[in-house]
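Coordinates in review
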Amino acid sequence: MVAATMLRPPCCRFLPPRRASSSAAAAAGPARRLLLSTPIFYANGPPHIGHLYSALLADALHRYRGLRGAGPGRLSTGTDEHGLKIQQAAAAAGTSPPELCERISALFRHALTQAAVSFTDFIRTSEPRHRRAVQHFWGRLRDGGALYRGSYEGWYCTPEECFLPGSQLADSRDAQGRPCKVSLESGHQVHWTREDNYMFKLSTFREPLRRWLQDNPEAICPQSFHQRVLHWLEEELPDLSVSRERSRLPWGIPVPGDSTQTIYVWVDALVNYLSVLGYPETHGEWWPAAHHVVGKDILKFHALYWPALLLAAGLAPPEKILVHSHWTVHGQKMSKSLGNVIDPMACMQQFTLDGFRYFLLRQGVPERDCDYYEEKVVKVVNSELADALGGLLNRSTALSINPTSTYPCFSESCFPKLDDGVPRTDGRASAEDYELVASVASLPLQVATAFEAFQIYKALECITLCVRQTNGFFQRHQPWKLNRDDPSEQLWLDTILHVTLECLRIFGTLLQPVVPHTADRLLSRLAVRPEERTLVGLTFLPRYHGQPCPFEGRLLGPSTGLLFQKLEKSLQHQTGTQKL
Ligand code: MSP
């Protein structure tokens, strides 16, 4: 059981600010700033697909915001380089912590760049700007009366870098068969540790945290995680040990004014979200307009400790915490000991960058764990990107069907506008065709709603359904059988092609945050100019509404072959682990 004995300074009152709901804030104007962040990755081992997933979710949200013209945005990422874990990994690799961090940090930067993660800030916690920010933050905690010195003892879990209460422990046996205790959550062995250090008065934040969550019911998304955090607030909320003896942990930021103590790595790491904003000087231009993307394993640090620390330092909690679940591999947890850690670089090589981005974002459902296996990647990517989307573009732009290679004209007589929803029988369009037009017209809003709710997989599901519907439309009318020499057939043929290309234009525009390169190829083939690719003022099929269409008659972009080459299933597994 964790125990702390010490003199407590009188409790101070910390009040979370009331904040307008995010939709109200969004309505405040288009020039809203927002910091999106990935967690900073431990520099104790190379990246794996779980790390990449965290980063891709944040990247897709950031890119989507950019397309919406939602105001200045930043996307921060980086590496978490201090603490016992790193110290031990360096010792095991026969190197020093700075050398290990230099190497691993470069691996993360490279992998994220290769994965087209459009980060604007990359922070390393070993940088002087971060050290300054952390020490200043510590000073704010101390001056606000939120810290006290204590003698602390309890079960310490090094991989999780925290003390665990009895309720989070289980009995087990170590490698030699001796009885030991392990963390319920991670399964890692814990050790009884006793030391003198600084304590943070977390226990006094129960009410302020509760109020923050009640006043901001969308602060933690998805809802199931919001509920989980509220539930934690019903349980023990012991004060938090926020420093370690420097003799045991020299690899970290020293406590200002006390060279015998090192700042706890989680306090150090969380402050990265402020140091990228230039804390303590310029953060106010952005903070608290921050959305943190985090995995469920680090929810407690972000949803309890971080808001409490911020309140204690006189700052507001972040606006949102977006939580995702984990990837398993063939139904098993990814772990070095099982040797099933999947290397994202190998995946991007095997499945292509966009193929792998698409898979992770299409199949990853934040509410629940998702399973990775190669056959699934090949199946999803081939059927949705190569066959359905690529096939549609290929068929609707083929020279045989569109010999002039221009964006074809729409004919109102073939596809007359519905009169108050009443089907028209004077044109050639069927009831299903009107349904298609209605589906694609509502797609941008559906996608917006899904992105707003942190359900990117749902946005992709909606797009896929529409792609399927458009393929049905094309197949139903068999335009390749229509005779271009017959003027009335030609009008209908061009109208079918026009509607299909309009649908593809919408799909390409909406897919940009997820598969930027494929979307670029698609839009370039349709001759959509860069300034026409945003979501601001995106119109679908304006000719149907009697409006001019800027694309009509425009020469299509050059054909650069298949939009997406079908993936082959490899005979042997190429997606192995990367060596340290
Ligand atoms: N350094 C801390 C974060 C500090 S943020 C102030 C950390 N680093 S980590 O490298 O272990 O994890 C980084 C991210 O990867 C977390 O969001 C974590 O949830 C995510 N993933 C790690 N394994 C994962 C899976 N198997 N699946 C999906 N994401 C997982 O925690």
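None of these values were measured; they are calculated from a predicted model. (Residues numbered from 1 in each chain as written. Predicted model: local features only at pLDDT ≥ 70, side-chain atom pairs only at ≥ 80, totals over all residues. Heavy atoms only, no water.)

It is worth spelling out the site of the ligand at this point. In the neighbourhood of the ligand, 24 residues make up the surrounding shell, with I40, D80, G295, D297 and W327 lying closest. Between the ligand and the protein, one listed contact pairs an oxygen atom with a backbone N or O atom of Y42 at 3.1 Å. A distance of 2.5 Å separates an oxygen atom of the ligand from a polar side-chain atom of D297. Contact with the protein chains removes 93% of the 660 Å² of surface that the ligand exposes when unbound. For the shell around the ligand, the elements supplying multiple residues, two or more each, are strand 3 (41-42), helix 2 (49-68), helix 8 (265-270), helix 9 (272-275) and strand 16 (290-295). A class-by-class count of the residues in the shell around the ligand yields twelve nonpolar, ten polar and two charged. (Near = heavy atom within 4 Å. Polar contact = N/O pair within 3.5 Å; in protein donor to acceptor, adjacent residues only side chain to side chain. Areas by Shrake-Rupley, 256 points an atom, 1.4 Å probe, with all protein chains shown as cover. Helix = DSSP H or I, 4+ residues; strand = E, 2+ residues; numbered from the N terminus. Nonpolar A, V, L, I, M, F, W, Y, C, P; charged D, E, K, R; others polar.)

Moving on to the nonpolar core. Residues F137, F200, I220, F356, Y372, F415 and F507 are the most contacted members of the largest nonpolar core, which totals 192 residues. At twelve residues, helix 16 (residues 487-511) tops the list of elements feeding residues into this core. Two domains share this core, each providing at least three of its residues, namely domain 1 (31-324) and domain 2 (376-545). The contacts of F415, once residues within four sequence positions are left out, are F410, A429, D433, Y434, V437, F473, W492, T495, V499 and Y544. (Core = buried A, V, L, I, M, F, W, Y, C linked by side-chain atoms within 4.5 Å. Buried < 20%, exposed > 50% of the residue type's maximum accessible area, 1.4 Å probe, protein only. Domains from an automatic or database assignment. Contact = heavy atoms within 4.5 Å.)

Turning our attention to the environment of L270. For L270, the position within the fold is in helix 8. Taking the C-alpha atoms as reference, L270 lies 30 Å from Q512; in sequence the two are 242 residues apart. Excluding its chain neighbours within four sequence positions, the residues that come into contact with L270 are F301, H302, W306 and L309.

Of all eight residues in strand 4 (residues 73-80), seven are buried; the element is thus mostly enclosed. Here strand 2 (residues 34-37) runs beside strand 4; their pairing, made up of four bridges, is parallel. Bridging across to strand 4, L34 finds its partner in G73. Direction of pairing for strand 3 relative to strand 4: parallel, over a ladder of two bridges. Directly across from F41, in strand 4, lies its bridge partner T79. (Pairing = 2+ DSSP bridges.)

Along its sequence, the chain is organised into domain 1 (31-324) and domain 2 (376-545). Here the C-alpha centre of domain 2 lies 44 Å away from the C-alpha centre of domain 1. Interface area, domain 1 with domain 2, both sides summed: about 1,300 Å², of which 78% is carbon and sulfur. Of all residues in domain 1, the largest losses of buried area upon contact with domain 2 belong to L61, Y64 and L67, amounting jointly to 48% of the total for that side. (Buried area = accessible area lost by both parts, 1.4 Å probe.)

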